[in-house]
Amino acid sequence: MFINWAQKEINLKIVYYGPGLSGKTTNLEYIYQQIDPSLRGELVTLKTREERTLYFDFLQLEFGRIKGMHPKFNLYTIPGQVYYAQSRRIILRGVDGIVFVADSQRDRMIENLDSLLDLEENLINEGKSLESVPWVLQYNKRDLPHISTVEELDRKLNFLRVPTIEAVAVRGTGVIETLKRIIQHVMAHVQEVM
Ligand SMILES: Nc1nc2c(ncn2[C@@H]2O[C@H](COP(=O)(O)OP(=O)(O)OP(=O)(O)O)[C@@H](O)[C@H]2O)c(=O)[nH]1
Ligand SMILES: [Mg+2]
């Protein structure tokens, strides 16, 4: 969180985390298309030739009020590929809320767990944890065959009982709902600590 008192502006950082190819960039692309251009900035994406995120994606949204201040929500995605560990640590600095985008496909469960563990480790290095930072879980790719049931995903990933949202990010299903849930969560948390 960064507050510019002169401008009455409060900057909040929301990071979309999760394993490679789970659909983090797809979430931001859909939000960019759907949100009124007067409420959002440009979508900055840095991609490899294979359309994978290189370093991060970024989108700024501006709406609502917190105690008379204008909140700016800075949305970032991390690069999910295992070898971009350093970038993930940097992007997570100063995070206010997290959307964990899990891939519902059965054969991606290990990658979901590894990524969640990687997230927890990086938060601990920042003096935070999954228990102290607001976060929500998005179960993405619900349209595909061979997916885990919501109960299985809950059992393996949702040990802290955070809000969960089922999604098909390529069609936009669940994307705005996920964004609303994390924004509500972050705003409630900020109001408590301000
Ligand atoms: N069938 C299906 N495909 C999806 C869904 N969401 C995303 N995809 C596809 O999955 C692929 C990867 O999506 P990205 O959004 O680039 O994944 P990412 O999480 O940003 O991946 P990294 O940048 O490597 O971490 C793309 O081909 C998307 O079109 C979904 O809900 N269903
Ligand atoms: Mg990406």
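Going by the structure above, here's the rest.
All values derive from a computational prediction rather than experimental measurement.

A. The overall build of the protein chain, seen in detail. If you tally the helices and strands in the protein chain, you get five helices and eight strands. Moving toward the C terminus, one meets the helices and strands of the protein chain in the order β-β-α-β-β-β-α-β-α-β-α-β-α. Against the globule reference of 16 Å for 194 residues, the protein chain gives a C-alpha radius of gyration of 16 Å, in line with a compact fold. The dimensions of the protein chain, computed from C-alpha atoms along their principal axes, are 50 × 35 × 30 Å. Burial statistics for the protein chain: of 194 residues in total, 41% are counted as buried. Pairs at least 24 apart in sequence give 70% of the contacts found in the protein chain among residues at least 6 apart.

B. The arrangement of the nonpolar core in detail. If you look at the biggest cluster of nonpolar residues, it comprises 43 residues, and the most contacted ones within it are Ile14, Val15, Tyr16, Leu75, Val99 and Phe100. A total of seven residues in this core trace back to one element, the largest contributor, which is helix α5 (residues 175-193). Dropping the residues within four chain positions of it, Val15 is found in contact with Tyr76, Ile78, Ile91, Leu92, Val95 and Ile98.

C. Examining unusual backbone geometry more closely. Although it is not a glycine, Glu51 sits at a positive phi angle of roughly 65°. Relative to the helices and strands, Glu51 is located in the loop between β3 (44-47) and β4 (53-62). Even without a glycine there, the phi angle at His146 is positive, about 55°. Tracing the chain through its elements places His146 in the loop between β7 (135-140) and α4 (150-157).

D. Structural detail: the site of ligand 1. Taken together, 21 residues form the shell around ligand 1, and within it Gly23, Thr25, Thr26, Thr53 and Gly80 come nearest. Counting residues per element, the shell around ligand 1 draws most heavily on helix α1 (residues 24-34), at three residues. Class assignment of the residues belonging to the shell around ligand 1 gives a composition of six nonpolar, eleven polar and four charged.

E. Quick peek at the environment of Leu119. Along the chain, Leu119 turns up in helix α3 (residues 109-125). C-beta crowding within 10 Å serves as the criterion here: with 23 such atoms nearby, Leu119 is assigned to the buried category. Taking the C-alpha atoms as reference points, Leu119 and Phe100, 19 residues apart in sequence, are found 9.2 Å from one another. When residues no more than four places from it in sequence are discounted, the contact partners of Leu119 are Tyr17 and Phe100.

F. Geometry of α1. Here α1 lies mainly inside the structure; eight of its eleven residues are buried. Looking only at α1, the buried set comprises Lys24, Thr25, Thr26, Asn27, Leu28, Glu29, Tyr30 and Ile31. Against β2 (9-17), β3, β4, β5 (70-77), β6 (97-103) and α5 lie the buried residues of α1.

G. Representation of the pairing of β4 within the structure. Where β3 and β4 come together, three bridges link them in antiparallel fashion. Across the sheet, the residue bridging to Lys47 is Thr53, located in β4. Counted between consecutive antiparallel strands, the loop separating β3 from β4 contains five residues, among which Glu51 sits at a positive phi close to 65°. Note: β4 against β5, six bridges, orientation antiparallel. Each bridged residue has a counterpart across the sheet, and for Gln60 the counterpart in β5 is Asn74.

H. Just the packing of α1 against α5, in detail. Where α1 meets α5, the axes come as close as 9 Å, and the angle between the chain directions of the two elements is 90°. Between α1 and α5, the crossing angle belongs to the class labelled roughly perpendicular. Contacts between α1 and α5 pair Asn27, Tyr30, Ile31 and Gln34 from the former with Val175, Ile176 and Leu179 from the latter. Classifying every residue of the contact of α1 with α5 gives five nonpolar, two polar and no charged.

Cut-offs and rules
Residues numbered from 1 in each chain as written. Chains lettered and ligands numbered in written order. Predicted model: local features only at pLDDT ≥ 70, side-chain atom pairs only at ≥ 80, totals over all residues. Helix = DSSP H or I, 4+ residues; strand = E, 2+ residues; numbered from the N terminus. Rg over C-alpha atoms; globule rule 2.2 N^0.38 Å. Buried ≥ 20, exposed ≤ 12 C-beta atoms within 10 Å, placed from the backbone. Contact = placed C-beta atoms within 7 Å. Core = buried A, V, L, I, M, F, W, Y, C linked by C-beta atoms within 7 Å. Near = placed C-beta within 6 Å. Nonpolar A, V, L, I, M, F, W, Y, C, P; charged D, E, K, R; others polar. Pairing = 2+ DSSP bridges. Axes fitted to C-alpha atoms, helices over the stretch in contact; angles between N-to-C directions. Parallel < 35°, antiparallel > 145°, perpendicular 65-115°, else oblique.

The analysis is restricted to geometry; functional conclusions fall outside its scope.
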